[in-house]
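Coordinate inspection notes
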Amino acid sequence: MWCWTEVLEALVDIGELEDYPSNKIPGFYERLVKTLPSLVEHRCSYEEHGGFLRRVEEGTWPVHIMEHLTLELQGLAGYHGGFGRARDGASVGVYKLIVATPHEAVTQKAIYIARDLLLALIQDRPYDLDSQVDELKELMDDLCLGPSTSSIVQAAAEKGVPHIRLSKGNLVQLGYGAAQKRIWTAETDKTSAIAETISRDKDLTKSLLAAVGVPTPQGQLVDSAQHAWEIAQDIGLPVVIKPQDGNHGRGVFTNLQTQHEIQAAFDVAQHEGSGVLVEKFIVGDEHRLLVVGDRLIAAAKGEACQVCGDGVHTIDELIQLQINSDPRRGPTEDFPLNPVRIDSMAVLELKSQGFTAESVPKKDQEVLVQRNGNVAFDVTELVHPSVAKKVVLAAKVVGLDIAGIDLVARDISRPMEEQGAAIVEVNAGPGLLMHIKPANGKPQPVGQAIVEHLFPQGHTSRIPLIGVCGPLGGTVVSEICAYFLKLSNYYAALSNHHGLSFNQRVVDISHHSEWELGHRAILNPMVEAAVIEASAYGILMEGLPYDRCSVGIITEIDRQQFFPEQSITDERQLFSLYRTQIDVVLNDGLAVINADDPLAQDLIDVASSPYLVLSIDQDNALIQASAQNGLRNIIQINDQIVLRTGFDIYHSFSMKDAEFFAPHTNSEKVRWMMAAIAAAWATGIPFATIDTGIQTFMPEELAN
Amino acid sequence: MELQRVRALRGPNLWSRHTAVEAIVYCEPEERSIKELVDFEIQLRTIFPQLHIRNVGLNGEPLAMAHVIEHVVLGLQAQVGCPVTFSRTIKVNTEGIYQVVVEYSEESVGRLALDLAWRLVSAARFKHPFDVEDALQQLSQLDEDVRLGPSTGSIVQAAVERNIPYRRLTQGSLVQFGWGSKQQRIQAAETSRTSAIAESIAQDKELTKELLHSAGVAVPLGKVVETADEAWQVAQELGSTIVIKPRDGNQGKGVAVNIRSEEQVRTAFAVAQHYGSKIIVERYMPGQDFRLLVVGDRLVAAARRDPPQVIGDGRSTIAELVEAINLDPLRGDGHSTPLTKIRLDDIALATIAKKNLEITSVPIKGERVVLRNNANLSTGGSATDVTDDVHPDLAASAVTAAKMVGLDICGVDIVCDAIYKPLEEQGGGVVEVNAAPGLRMHLNPSYGKSQPVGHAIVQMMFPHGQTGRIPVVAVSGTNGKTTTVRLITHLLRHHGYRVGMTSTDGIYVENERIDSGDCSGPKSARNVLMHPEVDAAVLETARGGILREGLGFDACDVAVITNIGEGDHLGMNYVETIEDLALVKSVIVKNVSANGFAVLNAADPLVVKMEKSCRGQVVYFGPSANHPVISKHKAQGKRTIYRDKDDLVAAIGQRVVHRISLSQVPLTQGGQIGFQVENTMAAIAATWSLEIDWQTIEHGLQGFVSDISSAPGRFNIFRHQGAIVIADYGHNVDAIRALVKATESIPAKRRHVVISGAGDRRDEDIRNQTKLLGDAFDCVILYQDQCQRGRQDGEVIALLQEGLHGTKKVSKVQEIHGEFLAIDTALQALEPDDLCLILIDQVEESLAYLSQITKP
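Note that the structure is a prediction, hence the values are computed from the model and not measured.

Below, the discussion takes up the overall build of chain A. Helices and strands together make up the secondary structure of chain A, namely 25 helices and 27 strands. Referenced to the eigenvectors of the C-alpha coordinate spread, the extents of chain A come out at roughly 100 × 70 × 45 Å. Scored against the burial criterion, the 704 residues of chain A give a buried share of 55%. When contacts within chain A are restricted to residue pairs at least 6 apart in sequence, long-range pairs at least 24 apart make up 64% of them. The average position of the 55 basic charges and that of the 92 acidic charges among the side chains of chain A differ by 4 Å.

Okay, the overall build of chain B next. Scanning chain B from N- to C-terminus turns up 28 helices and 38 strands. For 856 residues, the compact-globule formula gives about 29 Å, and the C-alpha radius of gyration of chain B, at 36 Å, lies well above that figure. Once the C-alpha set of chain B is aligned to its principal axes, its extents read approximately 115 × 70 × 55 Å. Just so you have it, chain B exposes about 34,900 Å², and 49% of that area is on carbon and sulfur atoms. For chain B, the distance from the average position of its 88 positive side-chain charges to the average position of its 105 negative side-chain charges is 4 Å.

Let us look at the nonpolar core. Counting 88 residues, the largest nonpolar core has Y546 of chain A together with L212, L292, V412, I414, V430 and V433 of chain B as the members making the most contacts within it. Grouped together as the second largest cluster of nonpolar side chains are 47 residues, I53, M65, L120 and L136 of chain B included.

Here we take up the environment of K389 of chain A. Structurally, K389 of chain A is set in helix 13 (residues 385–398). As for K389 of chain A and H260 of chain A, which are separated by 129 residues in sequence, their C-alpha atoms are 39 Å apart.

Here we come to the sheet that holds strand 30 (residues 639–644) of chain B. Residues and elements named next belong to chain B. Spatial strand order, 25-24-23-26-22-27-28-29-30-31-32: 11 strands in an open sheet with mixed pairing. Edge strands, defined here as strands with exactly one partner in the open sheet, are strand 25 (512–516) and strand 32 (655–661). The sheet shows a mean angle of 15° between the axes of neighbouring strands, taken without regard to direction.

For the rest of this paragraph, the subject is the packing of aromatic side chains. Applying the stated criterion to the full structure yields 11 aromatic pairs over all chains. Through successive ring pairs, a cluster of aromatic residues spans Y483, F660, F661 and F697 of chain A. In this arrangement the basic side chain of R639 of chain B is found over the ring face of W688 of chain B, its NZ or CZ atom lying 4.6 Å from the centre.

Further remarks concern helix 8 (residues 202–211) of chain A. Residues spaced three or four apart along an α-helix point in a common direction, a consequence of the helix completing one turn every 3.6 residues. With seven of its 10 residues buried, helix 8 of chain A lies for the most part within the structure. Considered for burial, the residues of helix 8 of chain A that qualify are K202, L204, T205, K206, L208, L209 and A211 of chain A.

Residue and element names in this part refer to chain A. Two elements in contact, helix 9 (residues 225–235) and helix 10 (residues 259–269), have axes separated by 9 Å at closest approach and are oriented at 130°. Considering their axes alone, helix 9 and helix 10 lie oblique with respect to each other. Considering the relative orientation of helix 9 and helix 10, their crossing is right-handed. For the pair helix 9 and helix 10, contact is made by A225, Q226, A228, W229 and A232 and by Q259, I262, Q263 and F266, respectively.

Turning next to the interface of chain B and chain A. Between chain B and chain A, the residue contacts involve 36 residues of the former and 39 residues of the latter. Taking both partners together, chain B and chain A bury about 3,100 Å²; carbon and sulfur atoms supply 62% of that area. Our count for the chain B to chain A interface comes out at four salt bridges. Ionic pairing is found between E512 of chain B and K389 of chain A, a salt bridge with its closest N-O pair at 3.1 Å. Viewed at the interface, chain A and chain B are joined by 13 residue pairs in polar contact (both at pLDDT 80 or more). Counting residues per element, the side of chain B that touches chain A draws most heavily on helix 6 (residues 196–203) of chain B, at five residues. Tallied by class, the residues present in the side of chain B that touches chain A amount to 14 nonpolar, 14 polar and eight charged.

For the rest of this paragraph, the subject is the pairing of strand 30 of chain B. All names here are of chain B. Sheet topology places strand 29 (residues 617–622) next to strand 30; three bridges connect them, and they run parallel. What sits directly across from F621, in strand 30, is I641. Read from strand 29 through helix 21 (residues 628–635) to strand 30, the crossover connection turns out right-handed. Once strand 30 ends, the chain turns through two residues before running back antiparallel as strand 31 (residues 647–652), passing K645 with a positive phi of about 55°.

The subject of this paragraph is the sheet that holds strand 10 (residues 253–256) of chain A. Residues and elements named next belong to chain A. Pairing in this open sheet of four strands is antiparallel, and the strands run 8-11-9-10 from one edge to the other. Each having just a single partner strand, strand 8 (219–222) and strand 10 make up the two edges of the open sheet. Taking each pair of neighbouring strands and ignoring which way they run, the sheet shows an average axis angle of 25°. Relative to strand 11 (residues 276–280), strand 9 (residues 239–243) runs antiparallel, the two sharing five bridges. Looking across to strand 11, one finds that I241 is bridged to V278. Here helix 9 sits on the sheet in contact with strand 8, strand 9 and strand 11, set at roughly 170° to strand 8.

Glancing now at the packing of helix 7 (residues 193–200) of chain A against helix 8 of chain A. Two numbers describe a pair of packed helices, the interaxial angle and the distance between the axes. All names here are of chain A. Between helix 7 and helix 8, the shortest axis-to-axis distance is 5 Å and the interhelical angle comes to 100°. Between helix 7 and helix 8, the angle is such that the two are roughly perpendicular. The residues of helix 8 that touch helix 7, namely those facing I198, S199 and R200, are K202, L204, T205 and L208. Along the lines of polarity and charge, the residues of the contact of helix 7 with helix 8 split into three nonpolar, two polar and two charged.

For chain B, per-residue confidence averages 90 on the pLDDT scale, and residues scoring 70 or more make up 98% of the total. Two summary scores accompany this predicted model of the complex, namely pTM at 0.85 and ipTM at 0.85.

What follows concerns unusual backbone geometry. For the peptide bond that leads from L237 of chain A to P238 of chain A, omega is -10°, which places it in the cis range. Along the chain, the position of P238 of chain A falls in the loop between helix 9 and strand 9. The phi dihedral of D364 of chain A falls on the positive side, at around 65°, and the residue is not glycine. Here D364 of chain A is to be found in the loop between helix 12 (344–352) and strand 14 (366–378). Residue D833 of chain B is not a glycine yet carries a positive backbone phi of 70°.

All names here are of chain A. On the surface, a cluster of negative charge is contributed by D128, D130, D134, E138 and D141. One can find D141 in helix 5 (residues 129–143). Here D141 falls in the partly exposed class, since its relative accessible area comes to 40%.

So, on to the environment of A680 of chain A. Residue and element names in this part refer to chain A. Relative to the elements of secondary structure, A680 occurs in helix 23 (residues 667–683). With a relative accessible area of 2%, A680 lands in the buried category. Separated by 192 residues in sequence, A680 and S488 have C-alpha atoms that sit 10.0 Å apart.

Considering all chains together, one arrives at 63 salt bridges over all chains under this definition. D413 of chain B is the salt-bridge partner of R291 of chain B, the closest N and O atoms lying 2.6 Å from each other. With R291 of chain B in strand 13 (residues 288–295) and D413 of chain B in strand 20 (residues 409–416), this residue pair connects regions lying 122 residues apart in the sequence. Just as R291 of chain B is buried, D413 of chain B falls in that class too. Here the salt bridges share partners, and the residues they tie into one network are K202, K206, K242, E279 and E425 of chain A.

Calculation criteria
Residues numbered from 1 in each chain as written. Chains lettered and ligands numbered in written order. Predicted model: local features only at pLDDT ≥ 70, side-chain atom pairs only at ≥ 80, totals over all residues. Heavy atoms only, no water. Helix = DSSP H or I, 4+ residues; strand = E, 2+ residues; numbered from the N terminus. Buried < 20%, exposed > 50% of the residue type's maximum accessible area, 1.4 Å probe, protein only. Contact = heavy atoms within 4.5 Å. Lys, Arg positive; Asp, Glu negative; His and termini not counted. Charge placed at Lys NZ, Arg CZ, Asp CG, Glu CD. Rg over C-alpha atoms; globule rule 2.2 N^0.38 Å. Areas by Shrake-Rupley, 256 points an atom, 1.4 Å probe, with all protein chains shown as cover. Core = buried A, V, L, I, M, F, W, Y, C linked by side-chain atoms within 4.5 Å. Pairing = 2+ DSSP bridges. Axes fitted to C-alpha atoms, helices over the stretch in contact; angles between N-to-C directions. Phe/Tyr/Trp six-rings, centres within 6.5 Å; stacked < 30°, edge-to-face > 60°. Lys NZ or Arg CZ within 6 Å of the ring centre and 35° of its normal. Parallel < 35°, antiparallel > 145°, perpendicular 65-115°, else oblique. Left-handed = near helix turned anticlockwise from the far one by under 90°. Buried area = accessible area lost by both parts, 1.4 Å probe. Salt bridge = Lys/Arg side-chain N within 4 Å of Asp/Glu carboxyl O. Polar contact = N/O pair within 3.5 Å; in protein donor to acceptor, adjacent residues only side chain to side chain. Nonpolar A, V, L, I, M, F, W, Y, C, P; charged D, E, K, R; others polar. Right-handed = clockwise from strand over helix to strand, strands pointing away. pLDDT = per-residue confidence, 0-100. Patch = residues over 30% accessible without salt bridge, like charges linked within 9 Å, V, L, I, M, F, W, Y side chains within 5 Å.

Structure, rendered in structure tokens:
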């Protein structure tokens, strides 16, 4: 009832603070600003920079401040933006706090921190905010999507593609039911397992690339250091030595010149994988090119890491001082660059220059630590079209839909052949961060590209989804809708008060929450259309299980049933619960409104999608108004249900002989049938099928 | 006896369609008839009594040692179960030399068999000992190592039956089906569409269970708990008997099944805690283990799996019972038998120890002793096919499970009492979902019917009769191959295909050269057929590759033979005569698919002879409707293409299907250049055979010119200060003859020619070239080739000079060292309205040089 995204709702009892808005607490504003200066960004109801702080200065209630503190804390932990509201609760001093949540547990913790911080600020006590934020951040890293996956999910959201997390990890479903695709960081459900196996076998990958004319470094598998040396002499020094199956650059040694170096490299490499490759060392910079589908999306260039001696510090210390002090470097995925460590490769690299980690280089002496330390400098726009063509082909011949291609070239803006450039590796499930957050250069729209790849032009991420709400008729209407879908050969899911069924097969009648049953309906990849019933109480407690639907039906609003224990005590509040079913209708969907309901006009007023009104009374004022506006409407004329556009009759269905209406027709049943017909009409079900449906439908209770 | 050379023929070849080893064997005079060798045959039969051997050779010649080798190579392979039958030994013209050809199913096995046969026969000859059992053991071991495993093998077999081409990409089980843009891959029971994410999901058992449950598939639902109280709480919620087990346990350690009371739960929890802090409490499901195989959206096989077990007879110990069971011949050591021997190892001992039994215990009569908790075939379990018994609802549950996880080939493990009832009715459920499931238990169950699972997988990958093939045109012949290949490629590209082309200039995909050098062999063909962006392939298929390795494809849709003429490269590789050469080139005609076409030159008698070896139809092209071969073919109602004055005519029988004016074909210079008219007819016939429409063909022909970019070295015309300069790569008598004819039709004041000879041709072939030229040209420049191909310095020039003796027209002859210098010299001598034919050797360099220095 608050918004489309997931939120956490908390009840806060502020007790005696009710009498102390922020302006009445001496020094509070100053302390607040000092502790969290970034709150100035919060615009709040003034819709301006510093808007929130102005409210604090003028005086606002603690829960409102908590709302902003919570959002700010989440922001500090890495979840930016989001929805927040503070509202009066049922009794004096009790408020509802609603905050957008990246994950339940995170927001819960953030709210508690916000409370403690607020109290500390009010009472002018010290508070160790930093350690709390760190804890929150850690929790977020554990529970929330990683930055790569987030970028894809974000791009999906921008395209109107809904997402559902399927695991605690980064497995995410994009789209609903049969229209869904899955992603797991930079893998999609189109990513072939065989292709991944091939990409891990460097020798096979190279032979496939070579077969289709993609340049690769000459080389071969060796079984001993001596053999490696012989091959190295054959193909010409310098060479690279690497394990056949390794990944992430482990055990890869480049630019080896001497038998001694080759020996040392072989010894390390053979522990990493099943075989050792000797390859010609390609002179140039390492590049990482990201291919998605048939397109090159991004390219990043690697750079050598070196330190400059000062005659005082050891190389190890210099690395900390000169390289790792860079704020872009950090241990987690959020940083574009990793900290530099002296690993086995760096040891060799130093050794070839006559150093160890403990050596103290002379002042101004340059020491190379990693040849291609970090690939994070965006060069996407420089890539020569023929290079792009080659890397796309490389991904294709391996069979990967998303691939990170490692390419060594002196100049990426020139064709590969003329500079002896080569592709050295093809990686499945490539990291995206270096393209999303390059250390230098323009971030590339990688998430958008992946979403575009999964849902190309003309491929929807949604299935027909009919949402039904109404205390009396909702269940029957949902059944009729599902019946129509079944008759037109949809594999349909139905979630209503009787339970959950797939294609008419009941799978769960136990009393799970409405939300859970509906959620399961859209999770199932076999489901081609879904009908999900919601009750006002369900919407209140857990919200709807989907973000948007194609048809939203409200059969009637029960104006008597309040939920005082949830602070829903008047008709307006009740209305704001029900209207949720209309609010979630897609812009090209259809809201179905019962014109005979006293609140119908209010629903029409809030509908942002096209709507259809229905009534058993063709003189109903709303029907008249709708018809005059040339809108679709459904009315009863004798024993006919009549579909109209404006006043023009579009189609009539006979209710005669239909078992559902036997022995007597009553107005409720007619309206229910009308609502279901409206949904079927909007879903594009042929009238002949609907006709059959009307004649043969029996509600479940009666059928059994 | 001497083994001079061994080759692996990896595709259809001169001898057969089978893959084969080909050995050149030299036999000493006394070895040319084994009847003359005392005791040899007796020795041979003593060592290898299983050997079948004929008395005489194929053509009634005496049986030589080479024939014996042939039979032994075949016999050894047959003994270890390789499906091979074809072998030949051919005596060539050189005295004592035999070509031995023996089919293989795996190259390394074939090579080892040859090696072993050589040693075996030598042992028989020189009366050394030879252990044939050991040799067979070696061969059998290698065969088992390198041949496809049973799962992959069954899929490949099914593909072969569906006429889908396949190619192994590794020593392992990675196989490509189909070609070019239509290819797909498998690796054991994974396809290229098997999703990596789905595999990851299947590996996460808890996630899998959650997903299956959400789709309404019965699973042993449970929860992860951390305290005994929680465990009891969950046990009560589940309300049935339960299982308690450590989350990350293995081999059944710390697992308690079928428990119910609070006391049991708490005890079991305490035990499980020894193996990990996270404990799973889940519903206990009694029943038997079943494995259901889902392929696509169908259940294709189901098997009941029983763990290895013995049943007491009241007398024997467990060890004796196991021994008795292992006597069953169905039980073997590897994967080739339907059952594997039961092992009494530590796991078995631990399993029976739980029941207080030892291997010396004597179970009472009828007592069932389970020796292991898993039913894997490889550890002695058995599988019983129950495919026909599966209840449709249960099958639907298995399919939903596969779909929910996202696997296209999926092994669903189910525990339930009865496979013929829905799961829900009996409290059964899906316990696990497996990616890349083993197929052996369905292909070769211990009991019951074998299920055609390979066919189901192939059917999913290639539905409705698709074969994964792309149109393949093979082109061979003595002259005109490259132009024909380029023209066909041009026409197919015009049709919208992305075309992969191999030729003596390199491999081209979509007009981009991806490899250079002579790419007319099988390796290049295979590379094109593996390229994922190729919709059609046009493959120049030269003699060398066919002899060396066979074809790079199993069948083609169209085979084009431009001509044989007087041949080229004669005398190499035991190809002595033009008949031999025709035989080699006819290999592509022999391997035209049954619904394909051979495009043959009606004017070349040796080409016409190939008609009878073609499985498909033949399209003849020829100089006129009245040419005897053409008119006969027309009379038989078949397809022909011929020249009718200034038109080319395509006819089926007497009916003219289409007519193309030669004025619309710039390549032929309005029909003036005879050999280009032939190439054009061949290309039209090939594309017509692929059902390319006439409009596309006509437009394509209009846009094709023979310039240095589209057909380098093929009659490229330059202008130089009023003279015409023609560069061509022609290097044999037929090519020269065609060039003489073509240039004669162009009027000129004086005629110049620049020529070198390729050293690897026969003397007479070199002489004959200048003999022809001397009658048509006024000035001749002879230059020495950069590479002499095995000739002495000056030797080739001398031969060229000899050819010029007594010719009618030539008035001036010069000898030059170096190609560029020869070109310079010729151009300097040119006057307006002269004509100069330059027979270039280093094609690219010379053409680049010519475009640079000629001044129109």
